[in-house]
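# Structural overview for review
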Amino acid sequence: MNATMSVKGTFGHLDPEYLSSHRLTEKSDVYSFGVLLLEIISGRASIDVTLPRDQMNICEWARPYFNEGRIKDIADPRLTTYNKEAMWKIAEIAVLSVELPGIDRPSMSDIVIALKKAIAIENNKSHRSLSDTNSLQSFRGSKKKRYYSCPHI
């Protein structure tokens, strides 16, 4: 009996590196999760062919807003109340998760720690213990690229 394995998934969620190399990695899952986070916070689909070309892909659309500190332009306008610091943290996780090349993406364990911190911020709980172990921040600091911190909103 011959078995053939193939990857199934939504086009906008597939890691672009997988599309070119046909090799799945843990970072491929991170990419897909980053797209999902962007969809959740923006209320947009991963791919929307009805939009202008530079806005069709959610990752390409969100990155400039994030880099300019324009979190309100990423957040779903139907979200009327949210903690801006927590939203910034989630947007940061999402944008880092869709970085190219994949090696520049955080690990899933880094993402879990950062999401716990964002949830604590949103719930107005003390998050001092999480900030001491924020591996996403140490991950970010280890990269040559410049990532922006939460501006005063």
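The rules behind the values
Residues numbered from 1 in each chain as written. Predicted model: local features only at pLDDT ≥ 70, side-chain atom pairs only at ≥ 80, totals over all residues. Heavy atoms only, no water. Helix = DSSP H or I, 4+ residues; strand = E, 2+ residues; numbered from the N terminus. Buried < 20%, exposed > 50% of the residue type's maximum accessible area, 1.4 Å probe, protein only. Contact = heavy atoms within 4.5 Å. Areas by Shrake-Rupley, 256 points an atom, 1.4 Å probe, with all protein chains shown as cover. Expected span 1.5 Å × (residues − 1). Polar contact = N/O pair within 3.5 Å; in protein donor to acceptor, adjacent residues only side chain to side chain. pLDDT = per-residue confidence, 0-100. Axes fitted to C-alpha atoms, helices over the stretch in contact; angles between N-to-C directions. Parallel < 35°, antiparallel > 145°, perpendicular 65-115°, else oblique. Left-handed = near helix turned anticlockwise from the far one by under 90°. Salt bridge = Lys/Arg side-chain N within 4 Å of Asp/Glu carboxyl O.

This part takes up the overall build of the protein. The helix and strand inventory of the protein stands at nine helices and zero strands. Listed N to C, the secondary structure of the protein is α-α-α-α-α-α-α-α-α in terms of helices and strands. Across the 153 residues that make up the protein, the buried fraction comes to 39%. Sequence-distant contacts, at least 24 apart, represent 58% of the contacts inside the protein between residues at least 6 apart. Working note: accessible area of the protein is about 9,400 Å², and carbon and sulfur atoms make up 54% of it.

With that settled, consider helix α6 (residues 84-97). Between the first and last C-alpha of α6 there are 20 Å, a value that for 14 residues agrees with the 20 Å anticipated at 1.5 Å per step. For α6, the buried fraction is high: 12 of the 14 residues fall into the buried class. The complete set of buried residues in α6 reads A86, M87, W88, K89, I90, A91, E92, I93, A94, V95, L96 and S97. In this structure N83 caps α6, since a side-chain oxygen of it lies 2.8 Å from the backbone nitrogen of E85.

It is worth spelling out the confidence of the model for the protein at this point. This prediction gives the protein a mean pLDDT of 83; 75% of its residues lie at or above 70. For the protein, the element scoring lowest by mean pLDDT is helix α8 (residues 128-132), at 42; helix α2 (residues 26-42) scores highest, at 97. A low-confidence stretch, residues 126-135 stays under pLDDT 50, and its non-local contacts, those more than four residues away or across chains, total 15 contacts. Confidence drops under a pLDDT of 50 for residues 144-153, and excluding neighbours within four residues, the segment shows 17 contacts in the predicted structure.

Further remarks concern the packing of α6 against helix α7 (residues 108-122). Put simply, α6 and α7 touch, their axes get as near as 8 Å, and they point 165° apart. In terms of orientation, α6 and α7 fall into the roughly antiparallel class. Read as a crossing pair, α6 and α7 show a hand that is left-handed. Within the contact between the two elements, α6 uses E85, A86, K89, I90, I93 and S97 and α7 uses I111, A114, L115, K117, A118, I121 and E122.

For the rest of this paragraph, the subject is the environment of N57. If you trace the backbone, N57 turns up in the loop between α3 (53-56) and α4 (58-67). Spatially, the C-alpha atoms of N57 and G12 are 7.3 Å apart, while their sequence positions differ by 45 residues. Each residue touching N57, except ones within four places of it in the same chain, is listed here: S46 and I47.

Under the criterion given, the structure shown has six salt bridges. R78 serves as the salt-bridge partner of D76, at 2.8 Å between the closest nitrogen and oxygen. Overall, the relative accessible area of 9% leaves D76 in the buried class. A relative accessible area of 63% places R78 in the exposed class. Salt bridges here are not isolated pairs; linked through shared partners, they connect E68, R70 and D73.

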